[in-house]
Amino acid sequence: MSFEVGADDDLDCVERCLRGETAAFRPLVERYQRLLFTVALRMLGDREQAADAAQTAFVRAYLKLQTFDRGHKFFSWLYRILVNECLNLRRAAGRFEPLGATLAAREDPAAGLEQQELREAVQAALLRLPSAQREAVVLRHYGGLSYHEMAEVLHVPEKTIKSRLYSARQRLGELLLGWGERP
Amino acid sequence: MTARTDKELLHAAVDGALTDDEAARLRERLAEEASLRAEADRLRQLAGVVDSLGPEDLPESFSDRVMEAVARSHPEPATWRGRVRARLDQLLGRVPGHLQQERPGEAFVRWNTGWAGGGGIVAKKALWAAAGLAVVIILGVVYFNGTRTVDQDAQGTIGGAERYRGTQPSGVAVTEGDVQKFLQSDVFDRIIKDERVLKLLENKEARALLAEEGMAELCARAAVKAGLTDEEVANALRGDGFRGVMADSEAAAELTSRGLLVSLAHPDVLMALRDETTRNMLLDPEVAAELQKQGVQEGLKDPELVEIAIKESKGKGSAVERRKLAENADLDAALKENKLRVLLANDTIGAALRADTKLAVMVAQPRFASVIGNAKVRALLNDKAWETAARGQKLQVMLDDTEFAADLARNKNLQLMLGNPDVLSAIQNPEFMEALHSNRALSAALNSSALDSALARKKAAKK
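Sequence order as written defines the numbering, with residues in each chain counted from 1. To label them, take the chains in the order written and letter them from A, then take the ligands in the order written and number them from 1. Only residues with pLDDT of at least 70 get local features here, since the model is predicted, and only at 80 or more are side-chain atom pairs given and counted; chain-wide, interface and lining totals rely on the full set of residues. Only heavy atoms go into the side-chain values, all of them from the structure, while hydrogens and water stay out.

1. Describing the overall build of chain A
Move 1: Within chain A, the secondary structure is distributed over 9 helices and 0 strands.
Move 2: Along its sequence from the N terminus, chain A presents helices and strands in the succession α-α-α-α-α-α-α-α-α.
Move 3: Across the 183 residues that make up chain A, the buried fraction comes to 55%.
Move 4: Two residues form a contact once any of their heavy atoms are found within 4.5 Å. Restricting to contacts in chain A with at least 6 residues of sequence separation, those with at least 24 account for 66%.
Move 5: Using a 1.4 Å probe, the Shrake-Rupley method yields the accessible areas, and only the shown protein chains count as cover for residues. Accessible surface computed for chain A: about 7700 Å², of which carbon and sulfur atoms make up 48%. For helices the rule is a DSSP run of H or I covering at least 4 residues; for strands it is a run of E covering at least 2, with both sets numbered from the N terminus onward. Residue burial is assigned from relative accessible area. The probe radius is 1.4 Å, only protein chains are included, and a residue is buried under 20% of its type maximum, exposed over 50%, and partly exposed in between.

Written as structure tokens, this is what we have:
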């Protein structure tokens, strides 16, 4: 899933909002809402919390529009706000829930799972990842961001992004496909 | 080509990030090596599994909900002129210009002509008289908000709140009738049955603090709400340690504006700074000099490099990890210095650096030693209630909320509110909090004598 949206369209909406045209924020909401909600859901694992996080991210973005640096992409900035909001909610909710015993105990956990079970297993495995790794996987696989865009959103070098993706995939492979420890 | 490079290429292929040359190289390598083909298959399988979770359907009417929330929100105008205009909008009971749907330039015209909109021509003379008076008041409010420092006397609390009397958070006027309607509602009846809420409503100073503009919205933020409604956090805020820091203007300003307060809400950081030996290690000027180097700062903000640096300081780093460390020349060189090596090898300090990636930045600041040396800050470090709350995490999450932290640094009334036991107790009542956030009539009632009358009537009826 990725976005091919003209940055100029976004900037036009931002400029109109800053001139007082609140309704100009709606196209931005409609353009990014599904993606933001999906990313939030993958980060948090709860639809209600994800909806809250996405809504809060939009409102915070609107409130801070005058601080938006036009030299960057609007959606990178919006993602950064969302990721922070998800981290806040996640930490407020406490530590990660343990992975279901059934899945963890399987030799090849993903084998033979029905689609719904597989979806649940993937979501549970995502929640087992450390936050930094989860952010990387979610932004890459569900946000469709490039390494460069992820580095901009997460404020870390591209090589750190690659390293986090590598570590995250190793862990997901262990949790979902029974890869086991490999060098 | 090393195996590591092969793996990097495989991951880049999964991410669609290969250049043409890299793709050609990878094709060659895959043709040569069966183990790499197996690795590629595994990675493709994993990507397929992960991608099996597609985009999600949105909750019903999501964009409408967002736009309603946006319309209720208040972008803070960037300039003093904007702030004055927003205050004027509020005092005159009209929707702020920056929330209206209007043509570019219309706001300027409205500002310059006193045109209030709403379908009729307002008597200009009366409007200008009101606006003139309002501007005098507004300039006072802007001055009060914009320039006060945390060491101002607490006496300003009620006065400041009273200056907001009659204004509403949303910019949409709440009438006396709205307030009366709320005071006769079932919600009001229910919430005053809670002794905690009743006590707050009978305390005018506490009421005024909570009625401050934007306070209800701030308290309703997810991280803040989770913190304030947590009993351990409330105990920590009521405790002598936090209240002592907030009463010490210098300590409060340093801790809040530099983000140090959230560091002190990490139990591992607390332990490291409480212990004299580790504290002295962190306060060593040579350590601070090493930490001030850009590469060291960047490295110690990256959790993976922190882990590697800690292992390396103990002589346990692998060859791969040493290579990764060598990519950061400053950190690599600093670790060859004895003092930083000893510092990172210390388990208590290692735990603190793992807990808070901003700690290294804090320690390197010139004022760090004097802040930690402040008697009130030292008392906070040893405050048991604060330590208990820090272990529960909700305290650090709340303080880590950037908007909350920014407000805490500059808003004396917020500091006072957090130290007010009646406010802290009342906001444990979820229905009261919900009403405060969503019902503007309650916010208005807090600063209204109608509330006093209603409470007196309820008491009389009870007797």
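Text resumes after the structure shown.
2. A look at the pattern of salt bridges
Residue and element names in this part refer to chain B.
Move 1: Salt bridge criterion: a side-chain nitrogen from Lys or Arg within 4 Å of a carboxyl oxygen from Asp or Glu. A full pass over the atoms with the stated rule returns 41 salt bridges over all chains.
Move 2: Arg 29 is the partner of Glu 32 in a salt bridge, and the nearest nitrogen-oxygen pair spans 2.8 Å. Of this pair, Glu 32 and Arg 29 both sit in helix H2 (residues 20–32), 3 residues apart, which is roughly one turn of that helix.
Move 3: Of the charged contacts, one joins Asp 284 and Lys 339 as a salt bridge, the two residues approaching to 2.7 Å between their closest N and O atoms. Pair noted here: Asp 284 is in the loop between helix H20 (276–283) and helix H21 (285–291) and Lys 339 is in helix H26 (residues 338–345), with a separation of 55 residues, a long-range link.
Move 4: Classification of Asp 284 as buried rests on a relative accessible area of 17%.
Move 5: Lys 339 sits in the partly exposed class, given a relative accessible area of 38%.

3. Brief notes about the packing of aromatic side chains
Geometrically, a pair of aromatic rings is defined through the distance of the ring centres and the angle of the planes.
Move 1: Stacked, edge-to-face and tilted labels apply to pairs of Phe, Tyr and Trp rings (six-membered ring for Trp) whose centres lie within 6.5 Å, assigned for plane angles under 30 degrees, over 60, and everything in between, in that order. Enumeration according to the criterion identifies 11 aromatic pairs over all chains in this entry.
Move 2: Here Phe 75 of chain A and Tyr 79 of chain A contribute two aromatic rings whose centre-to-centre distance is 5.8 Å and whose plane-to-plane angle is 80°, an arrangement assigned as edge-to-face. Of this pair, Phe 75 of chain A and Tyr 79 of chain A are both found in helix H4 (residues 74–92), 4 residues apart, which corresponds to roughly one turn of the helix.
Move 3: Residue classification places Phe 75 of chain A among the buried positions, given a relative accessible area of 15%.
Move 4: The rule is short: NZ of Lys or CZ of Arg within 6 Å of the ring centre and within 35 degrees of the ring normal puts a charge over the ring. For Arg 42 of chain A, the ring lying beneath its charged end belongs to Tyr 142 of chain A, and the centroid distance is 5.1 Å.
Move 5: Over the ring of Trp 179 of chain A we find Arg 42 of chain B; its NZ or CZ atom is 4.1 Å from the centre of that ring.

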